[in-house]
Protein chains: 2
Amino acid sequence: MGVVLNMEGSKGGPASVDRLVGLTRSDMARVNELILSKAGSDVELIPELAKHLISSGGKRLRPMITIAAAQMFGYEGENHVKLATSVEFMHTATLLHDDVVDESDLRRGRKTARMIWGNQASVLVGDFLLGQAFRMMVDVGSLEALDILSTAASVIAEGEVMQLGVSKNLETTEDEYLQVIKAKTAALFSAAAEVGPVIAQASRNDRAALRSFGTNLGLAFQLVDDALDYGGKASELGKNVGDDFREGKVTLPVILAYRRGTSEERAFWKSAIEENNCDDAALEKAIGLLARHNAIADTINRARHFGEIARDALAPLEDSEQKDALFDVIDFCISRVV
Amino acid sequence: MGVVLNMEGSKGGPASVDRLVGLTRSDMARVNELILSKAGSDVELIPELAKHLISSGGKRLRPMITIAAAQMFGYEGENHVKLATSVEFMHTATLLHDDVVDESDLRRGRKTARMIWGNQASVLVGDFLLGQAFRMMVDVGSLEALDILSTAASVIAEGEVMQLGVSKNLETTEDEYLQVIKAKTAALFSAAAEVGPVIAQASRNDRAALRSFGTNLGLAFQLVDDALDYGGKASELGKNVGDDFREGKVTLPVILAYRRGTSEERAFWKSAIEENNCDDAALEKAIGLLARHNAIADTINRARHFGEIARDALAPLEDSEQKDALFDVIDFCISRVV
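An unreviewed UniProt entry annotates chain A as Octaprenyl diphosphate synthase originating from Nitratireductor basaltis. For the record of chain A, the UniProt heading Cofactor (unreviewed entry) holds the text "Mg(2+)".

Here you go:
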């Protein structure tokens, strides 16, 4: 299963975020400290649950993007650390609520918080982290950054609600689906990237460039995630192959296979997705249909398209290590499909 | 059942919020418009669910307090309307998440949103309303008001998590319980009251007065709510008598009766609250024990104590119609127990 892509990192080796990690290392150390301190509370359950999430080995891609985007425009202060932490808290709050909404058992190969502490704690600690995110933004004091991030918070929630409607609907068009993931995934990448130039008081054009980079990177990221769900290795991805299928999620691979399929095939998809006939045999059949119609490969082609837009968004900016590191991120996001 | 109090409104009649309603009428009309417009979304489910909440007949006490508190210091702008709407959205988001956490079926006598649209939509629309609340605050542009309201958002969530820990624990002390309700209920009343003088650029003392008024009013409000749960009329209160009991919630009446009870009585409470033996017969017995130990009357006495503090907080302020209207609110909150 899975699709092998020949993506190359800028050093000729496999694409990786090593360069981004290196450039942001010392700032990210401060982000990690701030995460621990702002997830602190006298209410024991909060730091306990937060520690679980924090140690669960996410890549911290979004806050690293905020840090790099601020560095890129010569920012020399401490506020990028606070905003990066806010971004990560917003992301974590979303994950907590998502796992409740999706009734997920595993996240990155580990039990989800809701499986250990219950749905109640997951909803409420998510609310707490969101509150803390806003407090840090307020502490930064930039109304522009506040505007960008609070708008993202609304848009993400709106996207999640939109997804509920799409969830079992096989007639969803590709356009409608893109609208959902633009809201639920790309909006945070976009905000994470844009607040960097904003606090560095960079130009309007620079802000727009980073915003566009973030949006398109986010779209590419989500599409690759959708593809991986039908072909990645559970251990690497931290979720099981077929999770989306079993949850009846209509993602781009399914949309393509359904639209390209015969009427018999469409009947199969309806039975699987709409009526929950999604056992292992059905998953195997689904994966076969996806292959027959090039649905995975074309999902990745679509991702590559958005990756190109992200790349061109950054193109006119002055060369810098940060710019190269962000190019790497695009390659990395797409080359995850191995 | 129930406890009759001889509270008098300032005109000698029964206490009511009529004066507050009158003073804030035209501003509240704009709050209501803003609520409808900011709960709007192309994602149909959002306005649909929001309309359900909006039409469910809450008194809008918190936004009226924000409006009156701004008027009181001569505020002449439009931002109080936006902040009042933010406050109401924060409150609504909390209710949506609470109903999911408590698995409640009824709220103000009507089916809860989660019973109609499911837990998923309730969690996500709550997140959306919270995001919209922050966007409106950002739009107002007062970092002080943002600080107050974002801190309240964190504190409320922290209080809700704290309550999970208290929920089935009969050894909870009165102090611990007060800490919970100070966070989960009083923090929003406090913030709602304080942002009025903040945007009116009133003095530090005026801000502190309104903050203290809000905190203590909130405590009184919650304690009366706790008392009503064991003696109010479901139709008026919009919840059923004994809801807290059946959910195993440890509230002040129970804390008092438990601490004052015999060892046999304590065994009964343990069985009822900790082991869910809370059928109608148990509820009847519980109500008998609460009466025997004056637990309801003393809960109301505690509420009256906080009402007095709220009153004294406002006392030094210049006389105004708004001040009288806020005094009425204190009387009203306590005299709900009829």
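That was the structure; now back to the text.
**Student:** Talk me through the overall build of chain A; I want residue IDs and the actual numbers.
**Tutor:** Within chain A, the regular secondary structure consists of 15 helices and two strands. Computed over C-alpha atoms, the radius of gyration of chain A comes to 20 Å, within 12% of the 20 Å expected from 2.2 N^0.38 for 338 residues, which places it in the range of a compact globule. With the principal axes as the frame, chain A shows a C-alpha extent of 60 × 50 × 30 Å. Counting over 338 residues, chain A shows a buried share of 61%. Considering only contacts within chain A whose residues lie at least 6 apart along the sequence, 77% involve residues at least 24 apart. A total of about 13300 Å² of accessible surface is found on chain A, and carbon and sulfur atoms cover 46% of it. Distance from the positive charge centre (37 side chains) to the negative charge centre (50 side chains) of chain A: 1 Å.

**Student:** Residue-level account of helix α5 (residues 113–140) of chain B, with values.
**Tutor:** All names here are of chain B. With 28 residues, α5 should reach 40 Å at 1.5 Å per residue; the first-to-last C-alpha distance of 30 Å falls well below that figure. In the structure, α5 departs most strongly from a straight axis at N119, where the bend amounts to approximately 90°. Burial within α5 is extensive, with 20 of its 28 residues counted as buried. Following α5 by one or two positions, G141 adopts a phi angle in the positive range, close to 85°.

**Student:** Could you give me a rundown of the interface of chain A and chain B, with the residues and numbers involved?
**Tutor:** With 34 residues of chain A at the contact, the number on the chain B side is 34 residues. When the two sides are added together, the surface that chain A and chain B hide from each other amounts to roughly 3200 Å², 76% of it contributed by carbon and sulfur. On the chain A side of the contact with chain B, V101, L124 and V161 of chain A bury the most area, a combined 18% of that side's loss. At the junction of chain A and chain B, the tally comes to zero salt bridges. Linking chain A with chain B are 12 residue pairs in polar contact (both at pLDDT 80 or more), by the criterion used here. Sorting the residues of the side of chain A that touches chain B by element identifies α2 (45–54), α4 (79–102), α5 (113–140) and α6 (143–166) of chain A as the ones contributing at least two each. Among the residues forming the side of chain A that touches chain B, the class breakdown is 19 nonpolar, nine polar and six charged.

**Student:** If you had to explain the relation of the copies chain A and chain B to someone new, which residues and values would you point to?
**Tutor:** Rotating chain A by 180° and translating it 0.0 Å along the rotation axis places it on chain B, where the RMSD comes to 0.0 Å. Read as a symmetry element, the transformation amounts to a two-fold axis.

**Student:** So what's going on with the packing of helix α11 (residues 252–260) of chain B against helix α12 (residues 263–274) of chain B? Which residues, and what values?
**Tutor:** All names here are of chain B. Interaxial distance between α11 and α12 falls to 8 Å at its minimum, and their mutual angle equals 145°. Across from V254, A257, Y258 and R259 in α11, the residues of α12 making contact are R266, W269 and K270. A class-by-class count of the residues in the contact of α11 with α12 yields four nonpolar, no polar and three charged.

**Student:** Quick one: what's the story with the environment of G58 of chain A, residue by residue and with numbers?
**Tutor:** Residues and elements named next belong to chain A. Note on placement: G58 falls in the loop between α2 and α3 (61–72). A relative accessible area of 23% means that G58 is categorised as partly exposed. Separated by 34 residues in the primary sequence, G58 and T92 place their C-alpha atoms 9.9 Å from one another.

**Student:** Explain the environment of E264 of chain A residue by residue, including any values.
**Tutor:** Residue and element names in this part refer to chain A. Within the secondary structure layout, E264 lies in helix α12 (residues 263–274). Residue classification places E264 among the exposed positions, given a relative accessible area of 59%. Placed 164 residues apart in sequence, E264 and V100 show a C-alpha to C-alpha distance of 34 Å. In terms of polar contacts, E264 uses its side chain to reach the side chain of S263, at 3.4 Å.

**Student:** Residue-level account of the nonpolar core, with values.
**Tutor:** Inside soluble globular proteins, nonpolar side chains tend to come together where they are buried. Counting 246 residues, the largest nonpolar core has F213, F245 and W269 of chain A together with F213, F245 and W269 of chain B as the members making the most contacts within it. Ignoring anything within four residues of it in the chain, the contact list for W269 of chain B reads L170, F245, V254, A257, Y258, E274, A286, L289 and L290 of chain B.

**Student:** Could you give an account of unusual backbone geometry, with specific residues and numbers?
**Tutor:** Residue N294 of chain A is not a glycine yet carries a positive backbone phi of 55°. N294 of chain A gets classed as partly exposed once you look at its relative accessible area, which sits at 45%. Unusually for a residue other than glycine, N276 of chain B sits at a positive phi of about 60°. With respect to the helices, strands and loops of the structure, N276 of chain B is situated in the loop between α12 and α13 (280–292).

**Student:** Just give me the short version of the pattern of salt bridges, but keep the residues and values in it.
**Tutor:** All names here are of chain A. Taken as a whole and judged by the stated rule, the model has 36 salt bridges over all chains. We note a salt bridge from D328 to R19, for which the minimum N-O separation is 3.0 Å. Of this pair, D328 sits in helix α15 (residues 321–335) while R19 sits in helix α1 (residues 18–38), and the two are 309 residues apart along the sequence. In this structure D328 comes out as buried when scored by relative accessible area, which is 7%. Between D27 and R30 there is a salt bridge; the shortest N-O distance is 2.3 Å. Pair noted here: D27 and R30 are both in helix α1, with a separation of three residues, about one helical turn. Given a relative accessible area of 29%, R30 falls into the partly exposed group. A single network of salt bridges, built from pairs that share partners, joins E144, E194, R207 and R211.

**Student:** Which residues make up the packing of helix α3 (residues 61–72) of chain B against helix α15 (residues 321–335) of chain B, and what values do they have?
**Tutor:** Residues and elements named next belong to chain B. Where α3 contacts α15, the axes come no closer than 9 Å and their chain directions differ by 155°. Accordingly, the angle class assigned to the pair α3 and α15 is roughly antiparallel. The chirality of how α3 crosses α15 is left-handed. Across the interface between the two elements, L61, I65, A68, Q71 and M72 from α3 touch Q322, K323, L326, V329 and C333 from α15.

**Student:** Explain the confidence of the model for chain A to me, and be specific about the residues and the numbers.
**Tutor:** Note: predicted coordinates in regions of low pLDDT should not be interpreted at a detailed level. All names here are of chain A. Summarising the model, chain A shows a mean pLDDT of 90, and 92% of its residues fall at 70 or more. α3 holds the highest mean pLDDT among the elements of chain A, 98, whereas helix α9 (residues 234–237) holds the lowest, 48. Across residues 1–12, where pLDDT falls below 50, the model places 25 contacts with residues more than four positions away in sequence or in other chains.

**Student:** Kindly report on the side chain of T24 of chain B, identifying the contributing residues and their values.
**Tutor:** Residues and elements named next belong to chain B. Among the secondary structure elements, T24 is positioned in helix α1 (residues 18–38). On the accessibility criterion, T24 (0% relative accessible area) is buried. Discounting chain neighbours no more than four positions away, the residues touching T24 are M64, I67, A68 and Q71.

Cut-offs used in this document
Residues numbered from 1 in each chain as written. Chains lettered and ligands numbered in written order. Predicted model: local features only at pLDDT ≥ 70, side-chain atom pairs only at ≥ 80, totals over all residues. Heavy atoms only, no water. UniProt positions renumbered as here; feature names shortened; annotations may be inferred. Helix = DSSP H or I, 4+ residues; strand = E, 2+ residues; numbered from the N terminus. Rg over C-alpha atoms; globule rule 2.2 N^0.38 Å. Buried < 20%, exposed > 50% of the residue type's maximum accessible area, 1.4 Å probe, protein only. Contact = heavy atoms within 4.5 Å. Areas by Shrake-Rupley, 256 points an atom, 1.4 Å probe, with all protein chains shown as cover. Lys, Arg positive; Asp, Glu negative; His and termini not counted. Charge placed at Lys NZ, Arg CZ, Asp CG, Glu CD. Expected span 1.5 Å × (residues − 1). Bend = angle between axes of the 7 residues up to and from the residue. Buried area = accessible area lost by both parts, 1.4 Å probe. Salt bridge = Lys/Arg side-chain N within 4 Å of Asp/Glu carboxyl O. Polar contact = N/O pair within 3.5 Å; in protein donor to acceptor, adjacent residues only side chain to side chain. Nonpolar A, V, L, I, M, F, W, Y, C, P; charged D, E, K, R; others polar. Least-squares fit on C-alpha atoms with pLDDT ≥ 70 in both. Axes fitted to C-alpha atoms, helices over the stretch in contact; angles between N-to-C directions. Core = buried A, V, L, I, M, F, W, Y, C linked by side-chain atoms within 4.5 Å. Parallel < 35°, antiparallel > 145°, perpendicular 65-115°, else oblique. Left-handed = near helix turned anticlockwise from the far one by under 90°. pLDDT = per-residue confidence, 0-100.

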